[in-house]
Amino acid sequence: MIVKPLTPLFGAEVSGINLCAPLSSEQINRLIQIIDEFAVVVFPDQPLTDDQHVAFAESLGPLEKEAAVVSVEQQRLAHSQMIDISNLDVDGAILTADDRRRMFNLGNQLWHSDSSFKTIPALYSMLHARVIPPEGGDTQFADMRNAWDRLPEAMQTQIESYLCDHSLIYSRALLGFDAFTEKEMVAFTPQPQRLTRRHPGSKRKCLFLSSHIGVVHDLPRPEGMMLIRELIEHATEKEFIYTHKWKVNDLVLWDNRCTMHRARPFNDQKYKRDMRRMTLADSASTLDQLV
Ligand SMILES: [Fe+2]
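Caption draft 1: Molecular detail of the environment of Asp91. Tracing the backbone through its elements, the reader meets Asp91 in the loop between strand 4 (83-86) and helix 3 (100-105). By relative accessible area, Asp91 is classed as exposed at 70%.

Caption draft 2: Summary view of the coordination of the iron ion. Protein ligation of the iron ion involves His112 (NE2), Asp114 (OD) and His261 (NE2), the donor distances falling in the range 2.1 to 2.2 Å. Within one chain, the residues donating to the iron ion are spaced in sequence as H-x1-D-x146-H. Taken together, the residues Asp114 in the loop between helix 3 and strand 5 (122-131) and His261 in strand 14 (residues 259-263) connect sequence positions 147 residues apart. You can call His261 buried: its relative accessible area is 5%.

Caption draft 3: Spotlight on the sheet that holds strand 11 (residues 213-216). Pairing is antiparallel across the open sheet formed by 3 strands, whose spatial order is 8-7-11. Every other strand in the sheet has two partners, leaving strand 8 (191-194) and strand 11 as the edge strands with one partner each. Averaged over all pairs of adjacent strands, the angle between strand axes in this sheet comes to 35°, irrespective of strand direction. Along the sheet face, helix 8 (residues 221-235) touches strand 7 (163-166) and strand 11 and points at about 125° away from the line of strand 11.

Caption draft 4: Examining the pattern of salt bridges more closely. Under the definition given, this model contains 17 salt bridges. For Asp36, the salt bridge identified is with Arg257, shortest N-O distance 3.9 Å. In this pair, Asp36 is assigned in helix 1 (residues 25-38) and Arg257 in the loop between strand 13 (251-255) and strand 14, connecting sequence segments 221 residues apart. By relative accessible area, which is 9% here, Arg257 ends up buried. Here Asp268 ties to Arg102 by a salt bridge, and the two come within 2.7 Å at their closest N and O atoms. Of this pair, Asp268 sits in the loop between strand 14 and strand 15 (274-281) while Arg102 sits in helix 3, and the two are 166 residues apart along the sequence. The two residues Asp268 and Arg102 agree in class, both being buried. Because the salt bridges share partners, they merge into one network encompassing Asp50, Arg76, Asp84, Arg130, Asp274 and Arg276.

Caption draft 5: Molecular detail of the nonpolar core. Ranked by size, the top nonpolar core spans 27 residues in total, and within it Phe43, Phe56, Met126 and Leu253 carry the most contacts. Contributing elements (two or more residues each) for this core: strand 2 (12-15), helix 1, strand 3 (40-43), helix 2 (50-60), strand 5, strand 13 and strand 15. Membership of the second largest hydrophobic core comes to 25 residues, among which are Leu151, Ile159, Cys164 and Leu207.

Definitions and limits used
- Residues numbered from 1 in each chain as written.
- Predicted model: local features only at pLDDT ≥ 70, side-chain atom pairs only at ≥ 80, totals over all residues.
- Heavy atoms only, no water.
- Helix = DSSP H or I, 4+ residues; strand = E, 2+ residues; numbered from the N terminus.
- Buried < 20%, exposed > 50% of the residue type's maximum accessible area, 1.4 Å probe, protein only.
- Donors = N, O, S within 2.8 Å, 3.2 Å for Na, K, Ca; no water.
- Pairing = 2+ DSSP bridges.
- Axes fitted to C-alpha atoms, helices over the stretch in contact; angles between N-to-C directions.
- Contact = heavy atoms within 4.5 Å.
- Salt bridge = Lys/Arg side-chain N within 4 Å of Asp/Glu carboxyl O.
- Core = buried A, V, L, I, M, F, W, Y, C linked by side-chain atoms within 4.5 Å.

Here it is, written out as structure tokens:
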């Protein structure tokens, strides 16, 4: 495997490995080392089928059991655990401007960590590019270990033991989207998580931020939300982020424990974009992990 760092802080491009074929335990161990160090790993030119994508994900750990999506009955992809990050309907046509899946998916353009709103959040996400628009649609990443390191010590001390509630309802409310069904409201019940955590692979302390946060425990709500807004701005300052410009058959893997990401806009009423994501579950809630 050839490892090429993408920024001075985090992110690497890895070549010399074929993700379409089963990996040896040596390759998997080496990959996990690379992920622990770089947090975001780009694998160019991996023409994976859906089955190969699922097999690669499963070789790295247990999959998330349920996809958190709206309009579950309109799943386009064959694997129920594969998340459809596209602007396409079940027939492959572009979603209309007022389609609720489109409006819901616009929330992916807010900085977040995948599934931070679940009791057990996501470990790795693996996003594969099948069809990309000619312009726009980049994905940006920020390293939450670096964000922690750069905080003034007084702030670190203040926020270290804070707990926050996360929900898809909170992130979508930022965009004015509140058209959830009763069933979805129950499925997206807010879940508590620590605001800071320790990344076990690198042993580094990190912020656990996400636009899914809607409450900071023991603070008046506006004060808590202002703090979260400040921290997200701090964590995503331009000079510290990596912007991935997609090519077809890129597979990008990121560690949700120590990064945030967001999608960037593109003309989704004109161009098709078909990305597919597999996600691994972490081993426990952040409440049950060492800090
Ligand atoms: Fe995401």
